[in-house]
Amino acid sequence: LARVDVPRVKYAVYLSGDGSCLKPFWLDLSDFLTYAALNEVVDDSAQAVAECLNLRLRRLDRWSHDWRQSLRAVLVLLDAVNAQLRGAARDSSQPFALALVYLPSQEHQKQLALLSGRGSPAEWGLPPGGLLLRADA
């Protein structure tokens, strides 16, 4: 997805891979859309954020018995990034944020998307059938 027409969401980027140990999920920062989505949200830290997320995403093997813990580690990291973004925001009412969304209606390798937008992800309009993944759920 490029720019999306849902409230407060600016970009939606599919994670590469299919979530197995042979083809782990990852973000390709050389992809323009991924770079634009992360760079707008975290400015000069896009490379570091992508590397940290990729370390966590590589462990997310949906066929593993501990995939839920691995997914939670990704979500905890996103929560930490969002907390930093809220703390650094000049306009505290609408800071940028990142969110991981499950899209069951998409083909298998496109079921996880990283969204970037403004405000709380819980208040965003999501793509049809999308489910916001949260560390505290």
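Think of each chain on its own: its residues are numbered from 1, step by step along the sequence as written. Note on the predicted model: pLDDT of at least 70 is required for a residue's local features to be given, and 80 or more for side-chain atom pairs to be given and counted; whole-chain, interface and lining totals, by contrast, use all residues. With hydrogens and water excluded, all non-hydrogen atoms of the structure serve as input to the side-chain values.

With reference to specific residues and values, describe the overall build of the chain.
When helices and strands are counted, the chain shows 3 helices and 4 strands. Note on conventions: DSSP H or I runs of at least 4 residues are helices, E runs of at least 2 residues are strands, and numbering of each starts at the N terminus. In sequence order, the secondary structure elements of the chain are arranged as β-α-α-α-β-β-β. When we talk radius of gyration, it's over C-alpha atoms, and the globule rule is simply 2.2 Å times the number of residues to the 0.38. Taking 137 residues into account, the globule formula puts the C-alpha radius of gyration at 14 Å, and the chain, at 14 Å, falls close to it. Any residue under 20% of the maximum accessible area for its type is buried, any over 50% is exposed, and the rest in between are partly exposed; the area is computed with a 1.4 Å probe on protein chains only. With 137 residues in all, the chain has 43% of them scored as buried. Put simply, of all contacts in the chain between residues at least 6 apart along the chain, 55% involve residues at least 24 apart. Total accessible area on the chain is roughly 7,800 Å²; 52% of this is exposed by carbon and sulfur atoms. Counting rule applied: Lys, Arg positive; Asp, Glu negative; His and chain ends not counted. Just so you know, the charge point we use is NZ for Lys, CZ for Arg, CG for Asp and CD for Glu. Taken together, the 15 basic and 15 acidic charged side chains of the chain have centroids lying 3 Å from each other. Any two residues having at least one pair of non-hydrogen atoms within 4.5 Å are treated as being in contact. Shrake-Rupley sampling with a 1.4 Å probe provides the accessible areas, and residues are treated as covered by the protein chains on show and by no other component.

Break down unusual backbone geometry for me, with residues and values.
The residue Asp43 is not glycine, and still its phi comes out positive at about 55 degrees. Topologically, Asp43 is positioned in the loop between α1 (32-42) and α2 (46-58).

I'd like a description of the environment of Ala137, backed by residues and values.
Its place among the elements puts Ala137 in the segment after β4 (131-132). Of the residues examined, Ala137 reaches a relative accessible area of 86% and is grouped as exposed. Put simply, Ala137 and Gly125 are 12 residues apart on the chain and 19 Å apart in space, counted from C-alpha to C-alpha.

Please give an account of the packing of α1 against α2 that cites residues and values.
The contact between α1 and α2 brings their axes to 9 Å, and the two run at 115 degrees. Of the possible angle classes, the one that applies to α1 and α2 is roughly perpendicular. When you trace α1 past α2, the crossing you get is right-handed. Within the contact between the two elements, α1 uses Leu38, Asn39 and Val42 and α2 uses Ala46, Val49 and Ala50. Of the residues contributing to the contact of α1 with α2, the split by class is 5 nonpolar, 1 polar and no charged. Where helices are involved, their axes are fitted lines through C-alpha atoms of the stretch in contact, as for all axes, and angles between N-to-C directions lie from 0 to 180°. In these notes the angle categories are as follows: under 35 degrees is roughly parallel, over 145 is roughly antiparallel, 65 to 115 is roughly perpendicular, and the rest is oblique. Helix crossings are classified by the rotation of the near helix relative to the far one: an anticlockwise turn of less than a right angle makes the crossing left-handed, while a clockwise turn makes it right-handed. Basically, the charged four are Asp, Glu, Lys and Arg, the nonpolar ten are Ala, Val, Leu, Ile, Met, Phe, Trp, Tyr, Cys and Pro, and anything else, Gly included, counts as polar.

Got a sec to walk through the pattern of salt bridges? Specific residues and values, please.
Whenever a carboxyl oxygen of Asp or Glu lies within 4 Å of a side-chain nitrogen of Lys or Arg, that contact is scored as a salt bridge. Applying the stated criterion across every chain yields a total of 2 salt bridges. A salt bridge links Asp136 to Arg134, with the nearest nitrogen and oxygen atoms 2.9 Å apart. Given a relative accessible area of 59%, Asp136 falls into the exposed group.

With reference to specific residues and values, describe the side chain of Thr34.
Note that Thr34 resides in helix α1. Relative accessible area serves as the criterion here: at 5%, Thr34 is assigned to the buried category. In this structure Thr34 touches Val13, Leu27, Asp28 and Leu29, once residues within four positions along its chain are discounted.

Run through the nonpolar core, naming residues and quoting values.
Nine residue types can take part in a nonpolar core, namely buried Ala, Val, Leu, Ile, Met, Phe, Trp, Tyr and Cys, and a core is a set of them joined through side-chain atoms within 4.5 Å. Core analysis: the biggest nonpolar cluster contains 27 residues, and Leu15, Leu38, Leu53, Leu57, Leu98, Leu100 and Leu114 have the highest contact counts within it. Those elements that provide at least two residues to this core are α1, α2, α3 (67-88), β2 (96-102) and β3 (112-118). Counting residues per element, this core draws most heavily on α3, at 7 residues. Among the nonpolar cores identified, the runner-up in size contains 11 residues, and Val9, Ala12, Tyr14 and Trp124 belong to it.

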